[in-house]
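Coordinates in review
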Amino acid sequence: MLEPLRQGLPPIDPSAVAGSASCTLPARYEAVGGARRFTRTTLNSWDLGDRFDDVALVVSELVTNALRHALPADTAWERQDSSVRLHLMRWSSRLVCAVRDPSEKGPVAGEAPDSAESGRGLFLVESFSDCWGWHPSPVPVGDTPPDGRFGKVVWALFRLTDHTTTERPVPVDAFPDSL
């Protein structure tokens, strides 16, 4: 799962891969708070607690979008199998937050009226992360989706160190074809 995040990027020393963590989220809005708690615990264990505010905001927006726009509206959320996963992946110089959901429809950033209470999530993701994107999700080997749909992964990248001497800028389209 981590290999695609290396495509199109400067070479990464295998010893630089510091860790990954993931959790399955229930199909309830309360899952956003759980995703933030999971993020805090994970970042603290990686000595990245100082990055929590920005990363948690992005995680909250990505999870909220997955719950709001990606889960089928015709089934009660309480009866659905949870199909939203949060992945946090860390290297020495970057952190990636990725949310996998069952929808194949890509996220669309829009402009919300000043009076709207929602509609600014992807703007916040873009503002607080170094870059973000999405791609269709492959079906894991030996796994067949029950409805024939593959889903997608929406990700955001955060730089962890001064990259001016060690890494070139990462173009958004250089990111993963699969996660």
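Treat the numbers as computed from the prediction; the structure is a model and nothing was measured. (Residues numbered from 1 in each chain as written. Predicted model: local features only at pLDDT ≥ 70, side-chain atom pairs only at ≥ 80, totals over all residues. Heavy atoms only, no water.)

Okay, helix H3 (residues 121–128) next. Of the residues making up H3, those classed as buried are Gly121, Leu122 and Val125. Down the axis of H3, the smallest arc covering the buried residues is 95°, so these residues share one side. Within H3, the exposed residues directed more than 90 degrees away from the buried face are Phe123 and Glu126. Those residues of H3 that are buried lie in contact with helix H2 (52–70), strand S4 (131–136) and strand S5 (152–159). (Buried < 20%, exposed > 50% of the residue type's maximum accessible area, 1.4 Å probe, protein only. Helix = DSSP H or I, 4+ residues; strand = E, 2+ residues; numbered from the N terminus. Arc of directions from axis to C-beta. Contact = heavy atoms within 4.5 Å.)

This part takes up the pattern of salt bridges. Any two side chains of opposite charge can pair if their charged atoms end up close together. Summed over the entire model, instances satisfying the criterion amount to two salt bridges. One salt bridge connects Arg28 with Glu30, and the closest N-O pair in it is separated by 3.8 Å. Between Asp101 and Lys152 there is a salt bridge whose closest N-O contact spans 2.9 Å. Of this pair, Asp101 sits in strand S3 (residues 94–101) while Lys152 sits in strand S5; the two residues are 51 residues apart in sequence, bridging distant segments of the chain. For Asp101, a relative accessible area of 5% gives the class buried. (Salt bridge = Lys/Arg side-chain N within 4 Å of Asp/Glu carboxyl O.)

Here the focus is the environment of Leu62. Inspection of the secondary structure puts Leu62 in helix H2. Take Leu62: its relative accessible area is 4%, and that puts it in the buried class. C-alpha of Leu62 to C-alpha of Ala156: the two residues are 94 residues apart in sequence and 8.8 Å apart in space.

This part is about the nonpolar core. In terms of nonpolar packing, the biggest core is built from 31 residues, with Leu25, Val59, Val63 and Leu86 touching the most fellow members. For this core, the leading source of residues is H2, giving nine residues. Among all residues touching Val63, those that are not within four sequence positions of it are Leu25, Val32, Ala35 and Val99. (Core = buried A, V, L, I, M, F, W, Y, C linked by side-chain atoms within 4.5 Å.)

At a closest axis distance of 9 Å, the pairing of helix H1 (residues 31–45) and H2 adopts a crossing angle of 145°. Remark: the crossing between H1 and H2 carries right-handed chirality. Taking contact as the criterion, the partners of Ala31, Val32, Ala35, Arg36, Thr39, Arg40 and Leu43 in H1 are, on H2, Phe52, Val55, Ala56, Val59, Ser60, Val63, Thr64 and Leu67. For the contact of H1 with H2, a count of residues per class yields 10 nonpolar, three polar and two charged. (Axes fitted to C-alpha atoms, helices over the stretch in contact; angles between N-to-C directions. Left-handed = near helix turned anticlockwise from the far one by under 90°. Nonpolar A, V, L, I, M, F, W, Y, C, P; charged D, E, K, R; others polar.)

A few words on H1. Helix length check: H1 (15 residues) gives 21 Å between terminal C-alpha atoms against 21 Å at 1.5 Å per residue, within 8%. Listed in full, the buried residues belonging to H1 are Ala31, Val32, Gly33, Ala35, Phe38, Thr39, Thr42 and Leu43. (Expected span 1.5 Å × (residues − 1).)

So, on to the packing of aromatic side chains. Taken as a whole, this structure holds zero aromatic pairs when the rule is applied. Above the plane of the ring of Phe52 lies Arg40, whose end atom (NZ or CZ) is 3.8 Å from the centre. (Phe/Tyr/Trp six-rings, centres within 6.5 Å; stacked < 30°, edge-to-face > 60°. Lys NZ or Arg CZ within 6 Å of the ring centre and 35° of its normal.)

Function cannot be inferred from these measures alone, as they are strictly geometric.
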